[in-house]
Amino acid sequence: MLEMEDKTMPIVIPGEIIASEGYRAGDNTLRIEGSIVATRIGIPRREPERVSVIPLKGFYMPREKDLVIGIVTEVTYNMWKLDIDSPYPGILPAADVFGRRFDPTKDDPLRKFQIGSVIKAEIVAFDRTQDPLLTIRGQDLGEVESGFLIRINPSKIARAIGRGGSMLSKIQQAIKSRIIVGQNGVVLLLTSDPVVREKAMMAFKLIEEEAHTYGLTEKVVDLLSG
Amino acid sequence: MSVTKEKPVISSVLQKEMMALLSQNKRLDGRSLDEYRKITFSVGTIEKAEGSALVSLGGTMVLAGIKVELGDPFPDTPNQGVLTVNAELLPLASPSFEPGPPDESSIALARYVDRSVRESKMIDLESLVLVPGKLVYVVYIDIYVLDYGGNLIDASVLAAVKALENTIMNRHEVTGDAPRKTEDRVPLPLKNHAVSVTFGMIGSKYFNDANLDEEQASEGFLSFTFTKDGNVCAVMKNGRGYVSPSQVLEMMEQGWKKAKEIGKIMGWTYG
Amino acid sequence: MTQSKKPLIDEQGLRTDGRTIDELRPISITLGYLSHADGSVLYEQGKCKIISAVFGPSEVHPKHIELPDRAILRVRYHMAPFSTEERKSPAPSRREIELSMVIRNALEPVIMTELFPRTVIDIFIEVLQADGGTRVAGITAATLALADAGIPMRGLVAGCATGKVGGKVVVDLNDTEDKEGESDVPIAFIPTLNKISLLQMDGIMTRDEFRQGLSMAINSCMKIYQIQVNALKSKYGQVEAEPTEEQ
């Protein structure tokens, strides 16, 4: 719960103290000698027992169960490596696609996905010692045959989806096209109409720039109907 | 391009022992925090060099060789001789040194020795000119690290200064355009000396003359070079750590105390 | 070296560029200067012009230099051939190699590299025009680029060089003062932690003068830190509070 009635909140910068004793240090903060400081530029968030910072700029750090959209950059005898716009490449094991009966001497991963293939996948596992493990077993996962990809700042994804998906459904309604949003900041527009694509890009750009303002949904709908 | 390197592996057991002792101001080898290992030196071991000195500091051994040759002055100092320092961390000195061109550590070492010698003004560079703007003496200081047991900086500065003190060069005469070597042999006149004192830092503790284990465990280093009158002519913080301003000043004063002791061991009047 | 005809400090106590002994050169900061780097800045301090850019964290190539428990930093401090009075060869000099290392050592303690094992953060400092104090200005700039890139840090680092010029201890040496003065003391300071992460000195000073130089340097770093904070806050601005009904 935000303490202020005042709508404006100054952003915090690395090293800036945002709380003292009595709080837990949440995302993008650090406890230094009893105080909690921000570690990135962003908006401070104070909850009853925890403070965190929502970064204004960020890169995607893989999280288990996230839906991500990636591009195949490497193919080996038993896996595909995907660029998921993260410091860590995603690994899709051949066994995930071919099943348990996967036989490297008979099944050729190159026949299934090639370099440049766009894949919707889910992160199965990620820890600091190995790259994120992906799966395409799940509803709506797998290769994307056509469409446009838009990249937005991963820290704005939540805003792009909106509470209960409200923002996203309003955009889809307005452009009459399906959109799939990867948690890694990659958005897939299932349309081949360049005009629709232009509109969608403008909408997402607006969301990126004004993610933190009031009345954003109305602005976006206005933009798309214009 | 400077790239973060792997820190050498120290056993956690050793690290714990070291930290526990440090918290009581003690060290693994029994020395007090400001105590140096035994310093020994010998001069003139390389006859073909104009000057040379070998310095041992515990398990660290550094040989400095001086060659004096004729050359061009730098364009911006036409009336001064040239001083140039190079350092080699020989692969035979440590299993962790690899052959190849000087890496950033050996370049930083050479440049620190250079600053220590040059800024102390121990060599009167203006007395090393034969033909102003055209022909001067070039003093080459080559630091050869033979055995790496920690604290290369202090050992190298001592070796360089001792070698310079030991340097005897042929005087040249210029007849017409050509320089001619005379039979006159003169020492390189030194107007000062330089002693560097380096501190290793772990947590809030600092200590002098880190041995190999301590150096590998240290988070950062701070070196001060003092001239014989207690002035500072070079300072360098090395390594990834950081230090508070008040500690810097404490270390400077402790450093001066040590410099006086070390100067005495080397046979110089310090303080 | 052209000997300047003006005294380093004149009878009014003013320096070659008219500044007083504790006056900084004017600083100008343009964040997000480049469009492809993850973070970038054009940093100007007096006549020094520096671009700093940050990329990462990203996958490491070649893989064998990655570290299992932290990100590695790759820092390149480099001066453009046209940045100095006399053209400088584009090949890295010994000085640039040493300075790349001391700058890396100055930034590494504040960057939370332990959050991104097995990755690399690339930090570039290109000096387009040099006029004294480029290594510390480079650190001030790199800190801004790192913050701009969203790299987590424990605090900001501000750098400044003080030194003895014309017999007096002064702050923020320009090139003439650096070359003709008696000593040069570059420092990088982290105000929120009260720690120094870069400290060098060359020249000659009494221990008292060094003490004075250190304290003046820290004051100057505090001023530069404030300028960094203002630049970051005004670029990213005040933001309206997170709207609750739409989230």
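The rules we used
- Residues numbered from 1 in each chain as written.
- Chains lettered and ligands numbered in written order.
- Predicted model: local features only at pLDDT ≥ 70, side-chain atom pairs only at ≥ 80, totals over all residues.
- Helix = DSSP H or I, 4+ residues; strand = E, 2+ residues; numbered from the N terminus.
- Rg over C-alpha atoms; globule rule 2.2 N^0.38 Å.
- Buried ≥ 20, exposed ≤ 12 C-beta atoms within 10 Å, placed from the backbone.
- Contact = placed C-beta atoms within 7 Å.
- Pairing = 2+ DSSP bridges.
- Axes fitted to C-alpha atoms, helices over the stretch in contact; angles between N-to-C directions.
- Nonpolar A, V, L, I, M, F, W, Y, C, P; charged D, E, K, R; others polar.
- Parallel < 35°, antiparallel > 145°, perpendicular 65-115°, else oblique.
- Core = buried A, V, L, I, M, F, W, Y, C linked by C-beta atoms within 7 Å.
- Left-handed = near helix turned anticlockwise from the far one by under 90°.

1. Notes on the overall build of chain B
Part 1 of the reasoning: The secondary structure content of chain B amounts to five helices and 13 strands.
Part 2 of the reasoning: For a compact globule of 271 residues, the expected C-alpha radius of gyration is about 18 Å, and chain B comes in at 20 Å, within 12% of that figure.
Part 3 of the reasoning: Counting only C-alpha atoms, chain B reaches 70 × 40 × 35 Å along its principal axes.
Part 4 of the reasoning: The buried share among the 271 residues of chain B stands at 44%.
Part 5 of the reasoning: At a minimum sequence separation of 6, the contacts of chain B that also span at least 24 residues come to 67%.

2. Digging into the sheet that holds strand β3 (residues 48–59) of chain C
The pairing of strands in a sheet comes from backbone hydrogen bonds and takes either a parallel or an antiparallel form.
Part 1 of the reasoning: With mixed pairing, the six strands of this open sheet are ordered in space as β1(B)-β4(C)-β5(C)-β3(C)-β2(C)-β1(C). A single partner strand is all that each edge strand has here, and the edge strands are β1 (2–3) of chain B together with β1 (27–31) of chain C.
Part 2 of the reasoning: By the bridge criterion, five bridges tie β1(C) to strand β2 (residues 39–45) of chain C in an arrangement that is antiparallel. Its bridge partner being in β2(C), Thr30(C) is matched across the sheet by Leu42(C).

3. Quick look at the environment of Asp27(A)
Residues and elements named next belong to chain A.
Part 1 of the reasoning: When you line up the elements, aspartate 27 lands in the loop between β3 (24–25) and β4 (29–32).
Part 2 of the reasoning: Judged by C-beta crowding, with 15 C-beta atoms within 10 Å, aspartate 27 ranks as partly exposed.
Part 3 of the reasoning: A C-alpha to C-alpha distance of 7.8 Å links aspartate 27 and valine 51, two positions 24 residues apart in sequence.

4. Considerations on the sheet that holds strand β15 (residues 178–181) of chain A
All names here are of chain A.
Part 1 of the reasoning: Within the open sheet, the three strands sit side by side as β14-β16-β15. Their pairing is antiparallel. Each edge of the sheet is formed by a strand with only one pairing partner; in this case those strands are β14 (148–151) and β15. Pairwise comparison of adjacent strand axes, ignoring direction, gives a mean angle of 25 degrees for this sheet.
Part 2 of the reasoning: Where β14 and strand β16 (residues 186–190) come together, four bridges link them in antiparallel fashion. Of the residues in β16, the one forming a bridge with leucine 149 is leucine 188.

5. A word on the arrangement of the chains
Part 1 of the reasoning: Ranking the two pairs of chains in contact by number of contacts places chains B and C first.
Part 2 of the reasoning: Spatially, chain A is disjoint from chain B: no contact exists, and the shortest C-alpha separation is 15 Å.

6. A few points about the interface of chain C and chain B
Part 1 of the reasoning: Chain C puts 36 residues into the contact, and the matching count from chain B is 32 residues.
Part 2 of the reasoning: Listed by contribution, the elements that provide at least two residues to the side of chain C that touches chain B are β4 (72–79), α1 (94–107), β9 (195–205) and α4 (207–236) of chain C.
Part 3 of the reasoning: Among the elements that take part in the side of chain C that touches chain B, β9(C) stands out by supplying 11 residues, more than any other.
Part 4 of the reasoning: When the residues that make up the side of chain C that touches chain B are grouped by side-chain class, the tally is 19 nonpolar, seven polar and 10 charged.

7. Here's the deal with the packing of helix α4 (residues 166–175) of chain A against helix α6 (residues 216–225) of chain A
Residues and elements named next belong to chain A.
Part 1 of the reasoning: Running from N to C, α4 and α6 point in directions that differ by 10 degrees, and their axes come no closer than 9 Å. Relative to α6, the element α4 is oriented roughly parallel. Facing α4, whose interface residues are Met167, Lys170, Ile171, Ala174 and Ile175, α6 presents Thr217, Val220, Val221, Leu224 and Ser225.
Part 2 of the reasoning: Within the contact of α4 with α6, the residues separate by chemical class into seven nonpolar, two polar and one charged.

8. Points about the nonpolar core
Part 1 of the reasoning: Among the nonpolar cores identified, the biggest contains 155 residues, and Val113(B), Ile143(B), Ala159(B), Ala160(B) and Ile187(C) are the most heavily contacted of them.
Part 2 of the reasoning: Membership of the second largest hydrophobic core comes to 33 residues, among which are Ile84(A), Phe113(A), Ala121(A) and Phe204(A).

9. Digging into unusual backbone geometry
Residue and element names in this part refer to chain C.
Part 1 of the reasoning: Residue proline 57 is bonded to the preceding glycine 56 through a cis peptide linkage, with omega at 0 degrees.
Part 2 of the reasoning: Within the secondary structure, proline 57 sits in strand β3.
Part 3 of the reasoning: Geometrically, the link from histidine 61 to proline 62 is a cis peptide bond, its omega value of 0 degrees lying close to zero.
Part 4 of the reasoning: With respect to the helices and strands, proline 62 occurs in the loop between β3 and β4.

10. Examining the pairing of β16(A)
All names here are of chain A.
Part 1 of the reasoning: As paired elements, β15 and β16 share four bridges and run antiparallel to each other. If you follow isoleucine 180 over to β16, its bridge partner there is leucine 188.
Part 2 of the reasoning: What sits between β15 and β16 in their antiparallel hairpin is a turn of four residues, with glycine 185 showing a positive phi close to 90 degrees.

11. Focus on the packing of α1(C) against helix α2 (residues 134–148) of chain C
All names here are of chain C.
Part 1 of the reasoning: Between α1 and α2, the least distance of the axes is 10 Å, while the angle of their chain directions is 45 degrees. Taken together, α1 and α2 sit at an angle that is classed as oblique. Of the two elements, α1 crosses α2, and the hand of that crossing is right-handed. Contact residues: Leu99, Val102, Ile103, Ala106 and Leu107 in α1; Arg135, Gly138, Ile139 and Ala142 in α2.

12. Points about the pairing of strand β6 (residues 158–165) of chain C
Residue and element names in this part refer to chain C.
Part 1 of the reasoning: In terms of burial, β6 is largely enclosed, as eight of its eight residues are buried.
Part 2 of the reasoning: Covered by surrounding structure in β6 are Ala158, Cys160, Thr162 and Lys164 together with Gly159, Ala161, Gly163 and Val165, the residues of both alternating faces.
Part 3 of the reasoning: With seven bridges connecting them, β6 and strand β8 (residues 183–190) associate as antiparallel partners. Bridge pairing links lysine 164 to serine 183 in β8.

13. What to know about the environment of Arg74(C)
Part 1 of the reasoning: Relative to the elements of secondary structure, Arg74(C) occurs in strand β4.
Part 2 of the reasoning: Once the C-alpha coordinates of Arg74(C) and Arg118(C) are considered, the two residues, 44 residues apart in sequence, prove to be 13 Å apart.
Part 3 of the reasoning: Sequence-distant contacts of Arg74(C), that is, excluding residues within four places in its chain, are made with Met1(B), Val3(B), Val120(C), Asp122(C) and Ile123(C).

Function-wise, these values are silent; they only describe arrangement.
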